[in-house]
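Notes for the structure review
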Amino acid sequence: MSSFNTTTTQVSLSRILSLLSPLSRTSPSCSVLIPPSSSNLSLYLSALSIRKRHRLTVIRPCSSFEGEFESVEEEEQEELGDDVESDFEEENLDLDVDELELEAVKAVREYSISLSQELKIEEEPAGEKEARGRKKKRESINPVNVPDHLLPKVSIVGRPNVGKSALFNRLVGGNRAIVVDEPGVTRDRLYGRAFWGAMEFMVIDTGGVITVSKSPTDVMEQQLSVSTTIGMEGISLASREAAVARMPSMIEKQATVAVEESSVIIFVVDGQAGLNAADVEIGDWLRKNYSHKSIILAVNKCESPRKGLMQASEFWSLGFSPLPISAVSGTGTGELLDLVCAGLGKIEDSDVQNYEEGYVPSIAIVGRPNVGKSSILNALVGEDRTIVSPVSGTTRDAIDTDFEGPDGQKFRLIDTAGIRKRAAVASSGSTTEALSVNRAFRAVRRSDVVALVIEALACITEQDYKIAERIEREGKGCLIVVNKWDTIPNKNQQTTLHYEDDVRTKLRILNWAPIVYSTAIAGNSVDKIIVAASEVEKERSRRLSTATLNQVVHEALAFKSPPRTRGGKRGRLYYCTQAAIRPPTFVFFVNDAKLFPETYRRYMEKQLRSDAGFSGTPIRLLWRSRRKSERDAGQSPASKPKPNLTHKKLSVAT
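What comes next concerns the included structure. (Residues numbered from 1 in each chain as written. Predicted model: local features only at pLDDT ≥ 70, side-chain atom pairs only at ≥ 80, totals over all residues. Heavy atoms only, no water.)

1. Side note on the nonpolar core
We count it as follows: Buried residues of nine kinds, namely Ala, Val, Leu, Ile, Met, Phe, Trp, Tyr and Cys, make up a nonpolar core once their side-chain atoms join them within 4.5 Å. For the exposure calls, accessible area comes from a 1.4 Å probe over protein chains only, and a residue counts as buried if that area is under 20% of its type's maximum, exposed if over 50%, partly exposed in between. Secondary structure elements follow DSSP: runs of H or I no shorter than four residues count as helices, runs of E no shorter than two count as strands, and numbering proceeds from the N terminus.
If you look at the biggest cluster of nonpolar residues, it comprises 33 residues, and the most contacted ones within it are Val366, Leu452, Ile480, Val482, Tyr499, Val503 and Leu510. Residue assignment for this core shows that the elements contributing at least two residues are β7 (362–367), α15 (431–445), β10 (449–455), α16 (462–474), β11 (477–483), α17 (493–506) and β12 (515–517). Top contributing element to this core by residue count: α15, with four residues. Core analysis: the second largest hydrophobic core is formed by 28 residues, Leu171, Val264, Ile296 and Leu344 among them.

2. As for α15
Basically, it comes down to this: The length a helix should cover is 1.5 Å for every residue beyond the first. We call two residues in contact when some of their heavy atoms are within 4.5 Å.
Under the 1.5 Å per step criterion, the end-to-end length of α15 is 21 Å for 15 residues, consistent within 8% with the ideal 21 Å. Residues Thr432, Glu433, Leu435, Ser436, Val437, Asn438, Arg439, Ala440, Ala443 and Val444 constitute the buried set of α15. Among the structural elements, β7, β9 (410–415), α14 (422–428), β10 and α16 are those in contact with the buried residues of α15.

3. Notes on the sheet that holds strand β4 (residues 264–270)
Selection rule: By the convention used here, strands pair only if DSSP detects at least 2 bridges between them. Axis angles are defined between N-to-C directions and span 0 to 180 degrees, where every axis is a line fitted to C-alpha atoms and, for a helix, only to the segment in contact.
Here six strands make up an open sheet; going across it, the order is β2-β3-β1-β4-β5-β6 and the pairing mixed. Of all strands in the sheet, those with a lone pairing partner are β2 (190–196) and β6 (322–324), marking the two edges. In this sheet, neighbouring strand axes are inclined to one another by 30° on average, regardless of whether the strands run parallel or antiparallel. Here four bridges tie strand β1 (residues 153–157) to strand β3 (residues 199–205), and the two strands are oriented parallel to one another.

4. Remarks on the side chain of Asn483
Stated precisely, the cut-off is as follows: Pairs of N or O atoms are called polar contacts if they sit within 3.5 Å, as long as, within protein, a hydrogen donor faces a hydrogen acceptor (for residues adjacent in sequence, only side-chain-to-side-chain pairs).
Relative to the helices and strands, Asn483 is located in strand β11. A polar side-chain atom of Asn483 sits 3.1 Å from the main-chain amide nitrogen of Ala520. In contact with Asn483, not counting residues within four places along its chain, are Val371, Gly372, Ile376, Val453, Ile454, Glu455, Ala456, Ser518, Thr519 and Ala520.

5. Some remarks on the pattern of salt bridges
Filter applied, for reference: Salt bridge, as used here, is a side-chain nitrogen of Lys or Arg placed within 4 Å of a carboxyl oxygen of Asp or Glu.
Tallying each qualifying case throughout the model produces 24 salt bridges. Lys301 is paired through a salt bridge with Asp270; the nearest N and O atoms lie 3.1 Å apart. Within this pair, whereas Lys301 is found in the loop between β5 (294–300) and α10 (305–313), its partner Asp270 is found in strand β4, the two being separated by 31 residues in sequence. By relative accessible area, which is 23% here, Lys301 ends up partly exposed. The partner of Asp402 in a salt bridge is Arg412, with the nearest N and O atoms 3.4 Å apart. Taken together, the residues Asp402 in strand β8 (residues 399–404) and Arg412 in strand β9 connect sequence positions 10 residues apart. Through salt bridges with shared partners, a single network forms among Glu103, Glu110 and Arg624.

6. What to know about the pairing of β5
Selection criterion: Every crossover in which the path from the first strand over the helix to the second runs clockwise, viewed with the strands pointing away from the viewer, is termed right-handed.
Burial within β5 is extensive, with six of its seven residues counted as buried. Handedness of the crossover is the feature at issue here: the chain leaves β4, passes through helix α9 (residues 277–289), returns alongside β5, and the resulting connection is right-handed. Taken together, the three bridges between β5 and β6 define a ladder with parallel strand orientation. The residue of β6 that forms the bridge with Leu297 is Pro322.

7. Considerations on the sheet that holds β8
Taken in spatial order, the six strands of this open sheet run β8-β9-β7-β10-β11-β12, and their pairing is mixed. Of all the strands in the sheet, just β8 and β12 have a single pairing partner and so form its edges. Neighbouring strand axes in the sheet, compared pairwise and without regard to direction, differ in orientation by 25° on average. The pairing of β11 with β12 spans three bridges and is parallel. Residue pairing in the sheet places Val481 in a bridge with Val516 of β12. Along the sheet, α16 contacts β7, β10 and β11; its crossing angle with β10, the most-contacted strand, is approximately 175°. Sheet contacts for helix α18 (residues 527–540): β7, β8, β9, β10, β11 and β12; angle to β11, the most-contacted strand, approximately 165°.

8. What about the environment of Asn524?
Position of Asn524 relative to the elements: it lies in the loop between β12 and α18. Taking C-alpha positions, Asn524 is 9.4 Å from Asp486, a pair spaced 38 residues apart along the chain. The residues touching Asn524, leaving out its near neighbours within four places in the chain, are Ser518 and Thr519.

9. So, the packing of aromatic side chains
Rules: Between the rings of Phe, Tyr and Trp (Trp by its six-membered ring), a pair exists once the centres lie within 6.5 Å; its type follows the angle of the planes, with under 30 degrees stacked, over 60 edge-to-face, and the other angles tilted. Only when the NZ of Lys or the CZ of Arg is both within 6 Å of the ring centre and within 35 degrees of the ring normal is a charge said to sit over the ring.
Applying the stated criterion to the full structure yields 11 aromatic pairs. Taking the centre distance of 6.5 Å and the plane angle of 85° together, the rings of Phe267 and Phe320 count as edge-to-face. Of this pair, Phe267 sits in strand β4 while Phe320 sits in the loop between α10 and β6; the two residues are 53 residues apart in sequence, bridging distant segments of the chain. The residues Phe267 and Phe320 share a single accessibility class, namely buried. A ring pair is formed by Trp485 and Tyr517, whose centres lie 4.5 Å apart and whose planes are at 50°; its orientation type is tilted. Here Trp485 is found in the loop between β11 and α17, whereas its partner Tyr517 is found in strand β12, with 32 residues between them in sequence. Tyr517 shares its class with Trp485; the two are buried. Taking the ring centre of Tyr359 as reference, the NZ or CZ of Arg582 above it sits at 4.0 Å.

10. As for helix α11 (residues 333–343)
Under the convention used in this document: By arc we mean the arc of the directions from the helix axis to the C-beta atoms, nothing more.
For α11, every residue scored as buried is listed here: Thr333, Leu336, Leu337, Val340 and Cys341. Down the axis of α11, the buried set is contained in an arc of 135°. They therefore lie on one face. Opposite its buried face, α11 presents the exposed residues Glu335 and Ala342, each directed more than 90 degrees away.

11. With respect to the packing of helix α19 (residues 546–559) against helix α20 (residues 598–612)
The test is simple: Reported orientations rely on four angle classes, namely roughly parallel under 35 degrees, roughly antiparallel over 145, roughly perpendicular from 65 to 115, and oblique for the rest. By definition, any crossing whose near helix is turned counterclockwise from its far helix by less than a right angle is left-handed, and any crossing with a clockwise turn is right-handed. Side-chain classes are defined by residue name, with Ala, Val, Leu, Ile, Met, Phe, Trp, Tyr, Cys and Pro counting as nonpolar, Asp, Glu, Lys and Arg as charged, and the others, Gly among them, as polar.
It is at 10 Å that the axes of α19 and α20 come closest, and there the two elements cross at 130°. The orientation of α19 with respect to α20, classified from their angle, is oblique. For the pair α19 and α20, the crossing hand works out as right-handed. In this structure, α19 contributes Leu549, Val552, Glu555, Ala556, Leu557 and Phe559 to the contact, and α20 contributes Tyr600, Tyr603, Met604, Gln607, Leu608 and Asp611. For the contact of α19 with α20, the residue count by class is nine nonpolar, one polar and two charged.

12. What to know about the environment of Val553
Secondary-structure assignment places Val553 in helix α19. Residue classification places Val553 among the buried residues on the basis of a relative accessible area of 1%.

In short, shape yes, function no, at least from these values alone.
In structure tokens:
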């Protein structure tokens, strides 16, 4: 007791505290987190003293129970002596910190692989190999990463069901656009990067244009005059039919915006169906209003080179030189790309050199159909980037849009299709909706922060909870956006508090997510969504220092030690480290992960959140078993083998 050293410090403290009060027993797991040293001795003493004061203020023994406490004290002293001797033996093990850090990284990798297999999204194999090959070729040819807004743009226009989306997928590689053999699938503008040789450009897919207005000004002035306050349930049949009737004009508006910002226009027609009246009308519109731009007439669905020339000859009357191609097989796309590159301008090197691209977080906007996701995107970017309509399922593809916040921080906003129940999607028999939901889940996976949009008047549904559960398991940062807040009648100061309590109760899996109330149609409070998303991304990318992490875990163990099993075993913690960010992932090395029940793991996560923050992001706790190898008979302590770091089981707490 005269000196504090690494072999007697904690034993002496334990015995002193046990004599002071039987209720202030030290936890065996506290003493083996890190070998005692002068740097953490004061922290250890303060944690134990706080725990002692906490326990003594809760329970006040009276004099009539002195005999019972004396007998309990003797029993606890005996148990404490056994625990301390066991802890002392564990502490003599030399912990290889570098090896444990590598083991922690391995644990995170194993967990990520197992989780991705469990949350498997239905794959679309067509075009994947080609996309990977094009990506490798792109990296070897042009290593300079040019920002999207500096790339020249190429738009693809035409009437419905002529293969525009198939050509878009062929040019950009992969399956970015939904391709289904039915007209009117694509509605919004869809952007994708493509390259040919040393030239890189942006391709824009558009919806099918049925009829065109007399001038671009007429198209821009068209507006949807249908109320979208509370969704499809509150809209009359006449208004709903009016919205459907106005859909072609809104698709035309999106196509016109794409043509206006493009340097090259690919006018796609159907070689098998032949010349159509809509083709003639679109051709006249392009020739009269955009003759100053490069217009390429691509006659699609010409799989045979010999028949393709005959099929293309019919379209000379449009006033353009027809080029037979096949978006499915790739026939003629090389010549098409040569013509595209010939009409594109060169990018100024000074613009690329002056641009510094950093990490751009992605924000996916997800939710059930008709909760106002597209309205939120349009309100944020300040333009009609996507079509807003009371017609359920208006958005099909995942729409990426670059956005710069008020503080200059850049984001990539992703508007997604409404996610209905799996049974409802299957019963509808719609291939388009199934692919749309698939892309929505893919958008969640490639995002950093997810804005879960719920409708204020409908409150929380079972489908909202399922989407929230998917977001949490994907490990994405999240904020809850209560949209259409103006529909709540008779609001007062207590309305928000009661509503938040209801949301926290029904979405308890996201009890760490901030809540934002907005009215996207009027543009009210939509800027708070970006502010909250920015804070969530910062928390998701934060890494705790070793000192802070040790302090948090020490205090958690001091106030509540792992429970004992019926056999008298207790979990012991050897080492803890933060192995990853996005999301924050902590690896705990323990004697046996099975000795830490789910309740204690939730307690440890709660302590990490209350002491270290991490608002708006899930945190993962991985528990790794690290058993001490048995000593050989007669082996000296100096020559004993190092403990086995092979983990028999990966335990997860989320």
